[in-house]
Every structure is written in structure tokens, then in C-alpha cells.
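Letter by letter, the chains look like this.
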Amino acid sequence: EAGVTQSPTHLIKTRGQQATLRCSPISGHTSVYWYQQALGLGLQFLLWYDEGEERNRGNFPPRFSGRQFPNYSSELNVNALELEDSALYLCASRNPGNTGELFFGEGSRLTVL
Amino acid sequence: AQSVTQPDIHITVSEGASLELRCNYSYGATPYLFWYVQSPGQGLQLLLKYFSGDTLVQGIKGFEAEFKRSQSSFNLRKPSVHWSDAAEYFCAGNFGNEKLTFGTGTRLTIIP
């Protein structure tokens, strides 16, 4: 069974540009979560999507947005990139019947120059 | 506020020695609790989880954790560490709001 897959693995952008990160959940999982892991800041919850809808959002500005597609894959968009957006962005999926266990992808490393 | 605390930022252990990583939570009830491990540049892998019942849970790679309600703790243990256990370890809790809240992590270094 394929795990959570994320693309791209690495992405380099300059300040002010936009970045798009993609995630495919485990087959049968309908919930997708996004976390930001910046150096020294641990894992910060960004967004949660379930059944195509945004269900919850962390304490991030509106330039962080995303969506979930009918096949439950998801993309995270970061507009007007700032240097501090440099981080590892982790996607995770959860079986809706599960009590909260998340399965993580390998992450997308975003570097903003 | 609901939170997870890992008091130790960095721990160094000799290969073959025992290990205990600390985790405390703040919540008015019993959360679902998890331990994850992250190798450099990798995603997170679930080691073990606690939902209810037996307070000593067994996980993968020889790890176990004990839930102690009186201490609001969920410490991770391993009787004998291997060099391959060097990684970052995260404790996390689900406080009923459908997302995981993570501690800041403990970096484990193994010395020969």
C-alpha cells in the first residue's frame, strides 16, 4: 500500500513569489493535514481538509491557503513568499474512522531566497 | 490551553544504554497520545499510540511508553538503544479537536 506522497521534494523560490506544494493521501483516507516545520519551531499545524472542505486552520496568515480535490489529494499554496516561510512542509492523512493517528509524507523542503 | 511539553531538547545516550524521553500534556481529560520519530530530512513515523486501556503500550523498534494520568505524562522508553535510534522524537496529543498538537521534540544522539 502506497503511503502519503508529496511533491516536489525540494523547491527554491525568491521572496514575493508563490509556491505550490502537492500531497496525495493514503488510498481510502479522506482527511489531509498540513504542518509547517521550521528550524527551531517544531511542527505547527497549518490546515486540515476533509471531504473537500477546509475544516480547521492554524495561526497562519491568509497567504497560506490550499484546497482538496475530489480524489482527496491536496495542494498548499503560499503567496507572497517571505524568508521565514523557509521550512519543511509535511502533509499527513488520517482514516476518518481513526481516533487521530496521522500518517506523514516525507515532506517538501521550501527554501525562500 | 491544551499543550504537549517535551522538557528535554537534546539527550545523549551511550549505545546499549537505556533510554527515557519525557512528555507531559495539559488537558482536562485524557487525550489520545502518540510518539513519532523523524530521521534527518525525513517525514514522521509513528512509534506507538495510546487511546485507552492498558497504560503500558508497546510500539515498533522495541519502544514502549507508559501513560500516567496522575502525572499527565506519557514517557517513551527503550531498554537498550542502537546507533540507528539517533533521530528526533516527537510526542503528540489529540485533544478532541481533530488535529494533533506536537511537542517541540527531543533530539537523541547515540555515542559508541
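Residues numbered from 1 in each chain as written. Chains lettered and ligands numbered in written order. Predicted model: local features only at pLDDT ≥ 70, side-chain atom pairs only at ≥ 80, totals over all residues. Heavy atoms only, no water.

### Structural notes on the side chain of A:Gln6
All names here are of chain A. The condition is simple: Going along the chain from the N terminus, every DSSP run of H or I of four or more residues is numbered as a helix, and every run of E of two or more is numbered as a strand. Note on exposure labels: buried denotes an accessible area under 20% of the residue type's maximum, exposed denotes more than 50%, and partly exposed covers the range between, all computed with a 1.4 Å probe on protein chains only. Under this definition, polar contacts are N or O atom pairs within 3.5 Å; protein pairs additionally need one hydrogen-donor-capable and one acceptor-capable atom, and for neighbouring residues in sequence, both atoms have to be side-chain atoms. Contact between two residues is taken to exist if any of their heavy atoms lie within 4.5 Å; hydrogens are not considered.
In this fold, Gln6 is placed in strand β1 (residues 5-7). Judged by relative accessible area, Gln6 falls into the buried class, the value being 13%. At 2.9 Å, the side chain of Gln6 forms a polar contact with the backbone oxygen of Tyr89. Only 3.0 Å separates the side chain of Gln6 from the backbone nitrogen of Gly107, close enough to count as a polar contact. Discounting residues that sit within four places of it in the chain, Gln6 has contacts with Arg22, Cys23, Trp34, Tyr89, Leu90, Cys91, Gly105, Glu106, Gly107 and Ser108.

### As for the packing of aromatic side chains
All names here are of chain B. Quick note on the threshold: Side-chain rings of Phe, Tyr and Trp, where Trp is taken by its six-membered ring, are said to pair if the distance between their centres is within 6.5 Å; with planes under 30 degrees apart they count as stacked, over 60 as edge-to-face, and otherwise as tilted.
Considering all chains together, one arrives at 18 aromatic pairs over all chains under this definition. On the basis of an interplanar angle of 75 degrees and a centroid distance of 5.9 Å, the ring pair of Phe34 and Phe51 is categorised as edge-to-face. Of the two residues, Phe34 sits in strand β5 (residues 32-38) while Phe51 sits in the loop between β6 (44-50) and β7 (56-58), which places them 17 residues apart along the sequence. We classify Phe34 as buried; its relative accessible area is 0%. Classification of Phe51 as partly exposed rests on a relative accessible area of 26%.

### Some remarks on the nonpolar core
Generally speaking, a soluble globular protein has its nonpolar side chains buried in company with each other. All names here are of chain B. The condition is simple: Throughout this description, the term nonpolar core refers to a set of buried Ala, Val, Leu, Ile, Met, Phe, Trp, Tyr and Cys residues connected via side-chain atoms within 4.5 Å.
In this structure, Leu19, Trp35, Leu47, Leu48, Phe74, Leu76 and Tyr89 are the most contacted members of the largest nonpolar core, which totals 26 residues. Secondary-structure elements contributing two or more residues to this core are β2 (10-14), β3 (19-21), β5, β6, β8 (64-68), β9 (73-78), β10 (87-94) and β12 (106-111). Residues contacting Leu76, with those up to four places away along its chain left out, are Leu19, Glu20, Leu21, Trp35, Leu47, Leu48, Phe63, Glu64, Ala65 and Tyr89.

### Comments concerning the interface of chain A and chain B
Applicable threshold: Here's the idea: put two parts together, see how much 1.4 Å probe accessible area each one loses, and the total over both is what we call buried area. A pairing counts as a salt bridge when a side-chain nitrogen of Lys or Arg comes within 4 Å of a carboxyl oxygen of Asp or Glu. In this count, Pro and Cys sit with the nonpolar residues alongside Ala, Val, Leu, Ile, Met, Phe, Trp and Tyr, while Asp, Glu, Lys and Arg are called charged and the others, Gly among them, polar.
Between chain A and chain B, the residue contacts involve 17 residues of the former and 18 residues of the latter. Of the roughly 1600 Å² buried between chain A and chain B on both sides combined, carbon and sulfur atoms contribute 53%. Here chain A is connected to chain B by 1 salt bridge. Our count for the chain A to chain B interface comes out at 4 residue pairs in polar contact (both at pLDDT 80 or more). Of all the secondary-structure elements, those providing two or more residues to the side of chain A that touches chain B are β4 (31-38), β5 (42-50) and β9 (87-94) of chain A. Broken down by class, the residue content of the side of chain A that touches chain B amounts to 9 nonpolar, 5 polar and 3 charged.

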